[in-house]
Amino acid sequence: MSSDEFVVTPWHVEGDIDYDKLIKQFGTQKISNDLLSKLQKITGEDHFMLRRGVFFSHRDLNLILENFEKGKEFFLYTGRGPSGHTHIGHLIPWVFAKWLQDKFNVNMYFQLTDDEKFFAKQDLSLDQTTNFALENALDFIALGFKPDKTKIIINTKHIKTLYPIAAQVAKKINFSNTKAVFGFTNETNVGMIFYTSLQSAPCFIENKQVLIPLGVDQDPHFRITRDIAQKINKTKPALIHNIMIPSLLGPGGKMSASDEKSTIYTTDSPEVVKKKINKYAFSGGQSDIDEHRKIGGNPDIDVSYQYLRIFFERDDSKLKKIYDDYKSGKMLTGELKSILIEKINKFLLVHQQKRQEARKNIDDYTVSYKHLRAHETE
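Heads up: these notes are all about the structure in this document.

Conventions used here
Residues numbered from 1 in each chain as written. Predicted model: local features only at pLDDT ≥ 70, side-chain atom pairs only at ≥ 80, totals over all residues. Heavy atoms only, no water. Salt bridge = Lys/Arg side-chain N within 4 Å of Asp/Glu carboxyl O. Helix = DSSP H or I, 4+ residues; strand = E, 2+ residues; numbered from the N terminus. Buried < 20%, exposed > 50% of the residue type's maximum accessible area, 1.4 Å probe, protein only. Axes fitted to C-alpha atoms, helices over the stretch in contact; angles between N-to-C directions. Parallel < 35°, antiparallel > 145°, perpendicular 65-115°, else oblique. Left-handed = near helix turned anticlockwise from the far one by under 90°. Contact = heavy atoms within 4.5 Å. Nonpolar A, V, L, I, M, F, W, Y, C, P; charged D, E, K, R; others polar. Pairing = 2+ DSSP bridges. Right-handed = clockwise from strand over helix to strand, strands pointing away. Polar contact = N/O pair within 3.5 Å; in protein donor to acceptor, adjacent residues only side chain to side chain. Expected span 1.5 Å × (residues − 1). Bend = angle between axes of the 7 residues up to and from the residue.

### Quick word on the pattern of salt bridges
Next, step 1: Enumeration over the complete set of coordinates arrives at 20 salt bridges.
Next, step 2: In this structure, K98 and D102 form a salt bridge, with 2.6 Å as the shortest nitrogen-oxygen distance. You can see K98 and its partner D102 sitting in helix α5 (residues 91-104), four residues apart, about one turn around the helix.
Next, step 3: Exposure remark for K98: the relative accessible area of 18% places this residue in the buried category.

### Topic: the packing of helix α9 (residues 175-182) against helix α11 (residues 219-229)
Next, step 1: Where α9 meets α11, the axes come as close as 10 Å, and the angle between the chain directions of the two elements is 150°. With respect to α11, the axis of α9 lies roughly antiparallel. In terms of crossing hand, the pair formed by α9 and α11 is right-handed. Mapping the contact onto sequence places N177, T178, V181 and F182 in α9 and P220, H221, R223, I224 and D227 in α11.
Next, step 2: Of the residues that constitute the contact of α9 with α11, the class distribution is four nonpolar, three polar and two charged.

### Overview of the pairing of strand β8 (residues 209-215)
Next, step 1: Buried residues dominate β8, accounting for seven of its seven residues.
Next, step 2: Burial along β8 is two-sided: the residues Q209, L211, P213 and G215 and V210, I212 and L214 are all buried.
Next, step 3: Sheet topology note: the strand β5 (residues 74-80)/β8 ladder contains three bridges and is parallel. Among the inter-strand pairings, F74 is bridged to a residue of β8, identified as Q209.
Next, step 4: Direction of pairing for β8 relative to strand β9 (residues 238-242): parallel, over a ladder of five bridges. Its bridge partner lying in β9, L214 is registered against H241.
Next, step 5: Handedness of the crossover joining β8 and β9 through α11 is recorded here as right-handed.

### Thoughts on the side chain of D268
Next, step 1: By secondary structure assignment, the location of D268 is in the loop between β11 (250-254) and α12 (270-280).
Next, step 2: Polar side-chain contacts of D268 include one of 3.0 Å to the backbone nitrogen of Y265.
Next, step 3: Those residues in contact with D268 that lie beyond four places of it in its chain are T263, V273, K276, L348 and Q352.

### Overview of helix α8 (residues 159-172)
Next, step 1: End to end, α8 covers 19 Å across 14 residues, agreeing with the expected 20 Å (1.5 Å per residue, within 8%).
Next, step 2: Roughly 30° is the biggest bend found in α8, and it falls at A166.
Next, step 3: Within the sequence span of α8, burial applies to T161, L162, I165, A166 and V169.

### Here we look at the environment of G71
Next, step 1: Its place among the elements puts G71 in the loop between α4 (61-69) and β5.
Next, step 2: Distance from G71 to I344, taken between C-alpha atoms, is 39 Å for residues 273 residues apart in sequence.

### Thoughts on unusual backbone geometry
Next, step 1: The backbone of N105 sits at a positive phi, close to 55°, despite the residue not being glycine.
Next, step 2: Among the secondary structure elements, N105 is positioned in the loop between α5 and β6 (108-112).
Next, step 3: Its identity as a non-glycine residue notwithstanding, N233 has a phi of 60°, on the positive side.
Next, step 4: Here N233 lies in the loop between α11 and β9.

All we've got here are geometric facts, nothing functional implied.
Below is the structure:
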């Protein structure tokens, strides 16, 4: 793979992603300043992930906002493929979804696709992916979603809820289309071929339009969903995409739940976080202190700085000072890493406490067939 090539699929991300080029490849729309202004006007807040371009692309977000101004409600949906423990990259769309729920006071559905990860990962059993789903759910709940407006769906546990919708979707999707979008071959198991139908189902769980905050790698599933929505008399889902949080090891891929060296898990202890960042976090600094003081570092490729920008430093003035000090050589790589370590551990201390508390009320967030039928008849 050459330096200007990259791969982005729901199951594989590789290379240094050019997001402007990806927008053209996927056929999405860049989030414009006008759209940002409109969202800020409605919500009364300029979210840091929006102004920093962490969410960079969309499909029909403008329609969601226009309809909301006309009094038409929407609902939210996002999810997680439970192939391992939750890492900090997974939190990006969830944290943003929580903000959207707070600002718009809307329902939220969170799908855990334990079946898909079983189909996709040869080394994982269905029991393992289902157990990971339950563990991942704790991280979602810990972020503070409203129990009365939030429901968690685990595919194998709630198939009665999903299947009637998935069947309607599946009837309108042909193999030629999925093969073209995902590159499936004759060796692809039929679970993978059918799976998009199940991931589409929560889009139509209510008789309203849905807005889905998600990593851009998941967009292909919903391109298919949008193509068939009107064929089953449903509204196309709207999407808002976030960038991929880079691996600890640096450019060339996203953080992966299956690679401990590249990942900070939400369950990591302070000692483990410190060790991983100090040992593995890709540096934009120079080879020695004297050279760094003279030339300065490159925060644009430094993983520690990027994690601060994407998630862990909400104050723009503080972030700018870190950027300028590191670029000028005033701040060393070790000092930058120390700032990140402190920020992550401060966040995880609170998150892990809330995660433990979530074990007591996970049932409050579980979707039921009765709940679905109530929304279908609204």
